[in-house]
Amino acid sequence: MTAPSSPSNGNEGCRCLNKTAELASLTERACTTSSGEPGIILTLRSGSCVPLDYGSNICQPHDLVYDPICDISLATQPNFPLYCLQSWCYVDADACVRDTDNAVYRSSYFPVDSGMDMFYSYDACNSTAEEWLGFYEGDTLGGIKLKASIPNYLEPMIFKRDGEGDVISEPGPEYYNNSIPYEGVYMNYVNEIMRIAKGDIQEVTYTYKSRSSLLQHSSSHYTAAVQDIENGLVDMSIGPFWITGERLKLAAFTVPLIYDRTVLVIPKPGSKNSLSYQTSKVLAPFTAGLWGVVILVIVCTSLLSVWFANGSATKRVLRRRTKQQPRFSRQQFGIYARLSLDSILEKGLFFFSGGVEQDGGSSLPYKLLMFGFGFFILISVSAYVANLAAFLTRSVPDYVATMEGAVKSNLKICGHPALAGELTSKWPDARFVFSESEGEFYGVLEDYKAGKCDVLAVGREDTMIDLELLNLFCDEGLVYTNSLVMENPIAFPVRPDLASGLSYWILQGDKYHGVSLKNSVDRYTAENKFQPKCNVELSAQVSERNDYAQIMPTNMFFPIIFWLGFAITAAILQIVHLWQVKKGRKSSALIGRVSTLNLFRNIDRDFVSSKEDDDLNIKLPRITTMLKQQTLQTREGSSQDSSTNNGDDGLIRRSRVNFHNDCADRGGSESPQDRFEENAGNSCNDEFLAVGSSESASFDCDIASPVAEEELNLRIRQLLYTPSVVDFLDCCQEMKNLKMKQPYTQSC
């Protein structure tokens, strides 16, 4: 601390000032001291009359001379205030704060609204303000007497009794009779605040609100009471006042006493038991979006499988049915559509059965596609089954229990008119209905009973101990939810100059003395055995727990991507295969057979001159084995057979019994599968016996001489594309499908 340059006029940079002229200007507070000097009255605390040079010019214990408490004759007493001996003076606050570290304080004798800037400092006089501040720590209001209005009765918070001692629920003539005392939770709380203030609040007189203010604010008794403070009729108002924007324009408020949670009040709920709801539970484990993804995956897989599948059998069907060069006719379109439908049904069956059918003879693209589809089925079915039992057994109450749900369902919500601005600002999409009556929450309930709304927005702290209102809720079958609509602080509206002093005692009571509005409410309910005639709390809240969380497409991201990756890979392989065929190159053994989607284009080709290898992937291994056996069997008799049967025609005719026997023995198990066999077809005998020298392939082979493996394969390849061989294989397949078990020797 800076050392004083002169003990009489303060420190360097923080000098004592002459405030005589400023004090003399307060003519409304002028007085004459006991010594006959002109002075002013210190009205805030004790009303002492002090001279005009009080606190001016020099550092000295000014209170020792002029404060009645500082009687020098009592200086030896243990309770003598030590601040009386401390020196101080009025100073220039700006200079002291800027140039020194001396503590400066505004004089409580001259508050801001007095128009006087009077600051004092003990540090400037090498003293301390601790004794002064400690002694008058609680003297914030100066022993004030307050006049407070009561907006309305609210049992058990605020009420009066009649001559027989019964509680009066509705204001009548007695409301305007100030001689009838008020009772209730709020009266008890104010009395507790006065007790701990130790005289700083000497008295609180209760009165009524003005009729003119109620006309001005007809929808709220509480806003009308705040208007009386603005008009200067009362100092404050007692009751559960929400702090709203409209009311803050009229008066100041103390610190919040409690926070009121405005919650949704709804009709007592039932449960959903309709047949449609019970049926919909089967689909509940997946969201609608995910079901759409599942259907899309099945359809895409089906169409791709049609593209990748072996189309040779279908081409033969179309060739038999269309004896001329085919175009894309209605008949062919129907076949194509049927293929797609069958594939979709097949893949749907795979999904529902939880697996895919294995086909060892299918192409690589098809196998890759089924590999990805199988993994997708595994994850999808596992997730569905895991959640299905929980959804089938749950019972969901049939009601809207959240504010979000009420807004989404477009329900009408009855609300208190005093919260209209706050509610519409917080929930702009909600359909609020605000009561126009004077009944506060009773008016809100009347609007609900009149059918103006579906649910209500009600403050819990404001109504949960209103026994009459709660019993009316019971009669209407209404219950409180935990869905928060908004939260409002509850405080006392007061004159601006009293707000800080009252707030100080409210905070002191809560922190150090256990005095709070909540404690007063709890004490009242415990003493009066407060109990409504029904349970107004919603026991089971609607909350979708994790047990009932639906599976969404994002949860299935990996299996979808897994399937998509294999589908794309398979499509690329099929495209490469088609490109190689189009360029006249030999297709790799790793890439798929003829695509079903190329069905009609491939039919236009000449089967005799075509050199495609697709059919050979099925027919060549089988025919090669058959003709090799036939060749080995005929080597010994080659000289005799060659003289009577020359050329390919003879070879085919000599082999027909072997063809038939092999076909019958194997049951056509390796023959191409034709999905569109007719129930009746051309005679096998007619098709096969039509083979002649003109239709036979060039097969100039000397049976008697050894045939090399490579040459034999080449000749078989040539022979395979003759119509007679193709028709013969068709005959074998039709025999199998028609279950013709009679000997084949008569037909073929």
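For the structure itself, consult the block above.
Now for a look at the structure at hand. (Residues numbered from 1 in each chain as written. Predicted model: local features only at pLDDT ≥ 70, side-chain atom pairs only at ≥ 80, totals over all residues. Heavy atoms only, no water.)

## Observations concerning the packing of helix H16 (residues 441-449) against helix H18 (residues 467-476)
- Close contact between H16 and H18 brings their axes to 11 Å; oriented N to C, the two are set at 10°. Relative to H18, the element H16 is oriented roughly parallel. Mapping the contact onto sequence places Phe441, Tyr442, Leu445, Tyr448 and Lys449 in H16 and Glu468, Leu469, Leu472, Phe473 and Glu476 in H18.
- Across the contact of H16 with H18, the residue classes break down as seven nonpolar, no polar and three charged. (Axes fitted to C-alpha atoms, helices over the stretch in contact; angles between N-to-C directions. Helix = DSSP H or I, 4+ residues; strand = E, 2+ residues; numbered from the N terminus. Parallel < 35°, antiparallel > 145°, perpendicular 65-115°, else oblique. Contact = heavy atoms within 4.5 Å. Nonpolar A, V, L, I, M, F, W, Y, C, P; charged D, E, K, R; others polar.)

## Examining the pattern of salt bridges
- Taken as a whole and assessed by the stated rule, the structure comprises 14 salt bridges.
- The salt bridge partner of Arg161 is Glu183, with a shortest N-O separation of 3.1 Å. Placement of Arg161 in strand S11 (residues 160-161) and of Glu183 in the loop between strand S12 (167-168) and helix H5 (185-197) is noted, with a sequence separation of 22 residues between them.
- Take Arg161: its relative accessible area is 32%, and that puts it in the partly exposed class.
- Glu183 gets classed as partly exposed once you look at its relative accessible area, which sits at 30%.
- A salt bridge links Lys518 to Asp522, with the nearest nitrogen and oxygen atoms 3.1 Å apart. With Lys518 and Asp522 both in helix H20 (residues 517-528), this residue pair falls four residues apart, about one helical turn.
- Taking relative accessible area as the criterion, Asp522 reaches 37% and is therefore assigned partly exposed. (Salt bridge = Lys/Arg side-chain N within 4 Å of Asp/Glu carboxyl O. Buried < 20%, exposed > 50% of the residue type's maximum accessible area, 1.4 Å probe, protein only.)

## Re the environment of Leu423
- Relative to the helices and strands, Leu423 resides in helix H15 (residues 420-426).
- In this structure Leu423 touches Gly415, Phe432, Phe434, Val485 and Met486, once residues within four positions along its chain are discounted.

## Some details on the sheet that holds strand S5 (residues 38-42)
- Taking strand neighbours across the sheet as the criterion, the three strands line up as S4-S5-S6 in an open arrangement whose pairing is antiparallel. At either margin of the open sheet sits one strand with a lone partner, and together these are strand S4 (30-32) and strand S6 (48-51). Each strand axis lies, on average, 50° off the axis of its neighbour in the sheet, ignoring direction.
- For S5 and S6, the ladder comprises four bridges, and the chain directions are antiparallel. (Pairing = 2+ DSSP bridges.)

## Some points on the sheet that holds strand S15 (residues 241-242)
- Read from one edge to the other, the open sheet built from six strands follows the order S15-S23-S17-S22-S20-S21, with strand pairing classed as mixed. A strand with exactly one partner marks an edge of an open sheet, and here the two such strands are S15 and strand S21 (431-434).
- In this sheet, strand S22 (residues 455-459) lies alongside strand S20 (residues 412-415) in parallel orientation, the contact comprising two bridges. In the strand pairing of S22, Cys414 is matched with Leu456.

## Focus on the packing of aromatic side chains
- Tallied over the full model, the rule gives 25 aromatic pairs.
- Relative to Tyr176, the ring of Tyr175 lies with its centre 5.0 Å away and its plane at 85°, an arrangement referred to as edge-to-face.
- Between the aromatic rings of Phe286 and Tyr384, the centroid separation amounts to 5.5 Å while the plane-to-plane angle is 75°, which identifies the pairing as edge-to-face. With Phe286 in the loop between helix H9 (275-280) and helix H10 (288-308) and Tyr384 in helix H13 (residues 364-393), this residue pair connects regions lying 98 residues apart in the sequence.
- Given a relative accessible area of 3%, Phe286 falls into the buried group. (Phe/Tyr/Trp six-rings, centres within 6.5 Å; stacked < 30°, edge-to-face > 60°.)

## What to know about the side chain of Asn488
- Among the secondary structure elements, Asn488 is positioned in strand S23 (residues 478-491).
- On the accessibility criterion, Asn488 (3% relative accessible area) is buried.
- With residues up to four places along the chain from it excluded, the contact list for Asn488 reads Trp242, Ile258, Tyr259, Asp260, Thr262 and Leu419.

## What about H5?
- In this model, H5 (13 residues) spans 19 Å end to end at C-alpha, consistent with the 18 Å of a helix rising 1.5 Å per residue.
- Looking only at H5, the buried set comprises Val185, Tyr186, Met187, Tyr189, Val190, Ile193, Met194, Ile196 and Ala197.
- On the buried face of H5, the contacting elements are strand S10 (144-150), strand S13 (201-208), S23, helix H19 (496-512) and H20.
- Where H5 ends, the next residue or the one after it, Lys198, has phi of about 50°, a positive value. (Expected span 1.5 Å × (residues − 1).)

## Overview of the state of the cysteines
- Counted under the stated rule, the structure contains seven disulfides.
- One disulfide in the model links Cys59 with Cys125; its S-S distance is 2.0 Å. Judged by the sign of its S-S torsion, about -75°, the bond between Cys59 and Cys125 is left-handed. Of this pair, Cys59 sits in the loop between S6 and helix H2 (62-66) while Cys125 is found in the loop between strand S9 (119-121) and helix H4 (130-135), placing the two residues 66 residues apart along the sequence.
- Using a relative accessible area of 12% as the deciding quantity, one classes Cys125 as buried. (Disulfide = S-S within 2.5 Å.)

## Remarks on unusual backbone geometry
- Cis geometry marks the peptide bond from Glu155 to Pro156, where omega comes out at 5°.
- Checked against the element boundaries, Pro156 lands in the loop between S10 and S11.
- Phi is positive for Asn126, which is not a glycine, with a value near 60°.
- With respect to the secondary-structure elements, Asn126 resides in the loop between S9 and H4.
- Accessibility expressed as a relative area gives 39% for Asn126, which makes it partly exposed.

## What to know about the nonpolar core
- In this structure, Tyr186, Ile201, Tyr206, Ile238, Ile413, Phe473 and Phe492 are the most contacted members of the largest nonpolar core, which totals 93 residues.
- At nine residues, H5 tops the list of elements feeding residues into this core.
- Aside from chain neighbours lying at most four places away, what touches Ile201 is Leu141, Ile144, Leu146, Ile193, Met194, Leu502 and Trp505. (Core = buried A, V, L, I, M, F, W, Y, C linked by side-chain atoms within 4.5 Å.)

## Notes on a nonpolar patch on the surface
- A cluster of nonpolar residues, Phe557, Ile561, Leu564, Ile568, Ile572 and Val576, forms a patch on the protein surface that exposes about 520 Å² of accessible area.
- Secondary-structure assignment places Ile572 in helix H21 (residues 557-582).
- Residue Ile572 is classed as partly exposed on the basis of its relative accessible area, which comes to 48%. (Patch = residues over 30% accessible without salt bridge, like charges linked within 9 Å, V, L, I, M, F, W, Y side chains within 5 Å. Areas by Shrake-Rupley, 256 points an atom, 1.4 Å probe, with all protein chains shown as cover.)

## Brief notes about the packing of H5 against H19
- Contact geometry for H5 and H19: axes closest at 10 Å, N-to-C directions at 90°. Viewed along their axes, H5 and H19 adopt a mutual orientation that is roughly perpendicular. Together, Tyr189, Ile193, Ile196 and Ala197 of H5 and Trp505, Ile506, Gln508 and Gly509 of H19 make up the contact between the two elements.
- When its residues are assigned to classes, the contact of H5 with H19 shows six nonpolar, two polar and no charged.

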